[in-house]
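# Structural overview
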Amino acid sequence: MTVDPMAREVMLARTFVELADTLVDQFDVVELLTMLACRCVDLLDIGAAGLMLVAPDGNLRVMASSSEAMRVLELFELQSDEGPCPDCYRTGLPVVNQDLAEASIRWPQFATEALAAGFHSVHALPMRLRGTVIGALNLFHSERGVMSSYDVETAQALADVATVTILQHRAALEARILNEQLHHALSTRVIIEQAKGMVAERKDLTMEQAFALLRNYARNHNLRMAEVAEWIIGGSLDAAALDSDLPMDRPYRGA
């Protein structure tokens, strides 16, 4: 079904807005990619679309499909390790206008399976940003034919926006984790400083000597220094016990 040009432009603009609008706290990668797959079918007059992303282990994973038939075919594509999506991801280059009836040499298993599923031509576009490839967009035609250069550019633009969104979200998560780790480290340091001051006062030591005592005690008893500091501050560990190098039962932490 051919989409009215004006309606297509409106839908395309709305899609770009929706992709950009996902840069919020409640970001959902699967929802984003599912929306993108379905919009590709509507905008590009193709039979089906799907997206794969690379997992932390380095392997591609099916993340979204416009139909169940597409999802099954994408899973087969990964299991057989052949098809447009794996090729596109490995090279970082588009795979466009591949006639499945003529692809038996390139993809013997995949071509047979795709034809049996009712598809006749395939395309795959990389999800990449500045040399970083995070996945690929799969596009399947139920009819034999060539995708126009305009449609290829449109699909690549959609894939690019989705890629930027995902990478920005990952960067935001990493920054948040880094900030949480920094906050925890600063809080831990405050606790250790408090305990260090208490030990220095009670044992008439310099701050450097008190710190060394806390650190050595933690090491000798296989404890975290922050844990020892908390016990000192809470009163469950007496400063006098820090001189001991003997194994110990951990003090009661309380509620």
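## Here we look at helix 7 (residues 207–220)
The terminal C-alpha atoms of helix 7, which comprises 14 residues, lie 20 Å apart, in line with the 20 Å expected from a rise of 1.5 Å per residue. Among the residues of helix 7, Ala-210, Phe-211, Leu-213, Leu-214, Tyr-217 and Ala-218 are the ones counted as buried. Angular distribution of buried residues about the axis of helix 7 spans 160°; they occupy a single face of the element. Turned more than 90 degrees off the buried face of helix 7, the exposed positions are Glu-208 and Arg-219. Phi for Asn-222, located one or two positions after helix 7, is positive at around 55°.

## Describing the pairing of strand 1 (residues 48–54)
Put simply, side chains in a regular strand alternate between the two faces of the sheet. Counting buried residues in strand 1 gives 7 out of 7 residues, a clear majority hidden from the surface. Alternating residues of strand 1 divide into Ala-48, Gly-50, Met-52 and Val-54 and Ala-49, Leu-51 and Leu-53, and every residue in both groups is buried. Of the pairings in the sheet, the one linking strand 1 to strand 5 (residues 132–141) comprises 6 bridges and is antiparallel in character. The partner of Ala-48 across the bridge, within strand 5, is Phe-140. Where strand 1 meets strand 2 (residues 60–65), 5 bridges bridge the pair, whose relative direction is antiparallel.

## Some words on the sheet that holds strand 4 (residues 121–129)
Pairing in this open sheet of 5 strands is antiparallel, and the strands run 2-1-5-4-3 from one edge to the other. Edge positions in the open sheet fall to strand 2 and strand 3 (95–99), since each of these has one partner strand only. Neighbour-to-neighbour, the strand axes of this sheet turn through a mean angle of 20°, independent of strand direction. Pairing analysis gives 3 bridges linking strand 3 to strand 4, with the strands arranged antiparallel. By the bridge assignment for strand 4, Gln-98 is matched with Val-122.

Calculation notes
- Residues numbered from 1 in each chain as written.
- Predicted model: local features only at pLDDT ≥ 70, side-chain atom pairs only at ≥ 80, totals over all residues.
- Heavy atoms only, no water.
- Helix = DSSP H or I, 4+ residues; strand = E, 2+ residues; numbered from the N terminus.
- Expected span 1.5 Å × (residues − 1).
- Buried < 20%, exposed > 50% of the residue type's maximum accessible area, 1.4 Å probe, protein only.
- Arc of directions from axis to C-beta.
- Pairing = 2+ DSSP bridges.
- Axes fitted to C-alpha atoms, helices over the stretch in contact; angles between N-to-C directions.

Any link to function would need more than the numbers given here.
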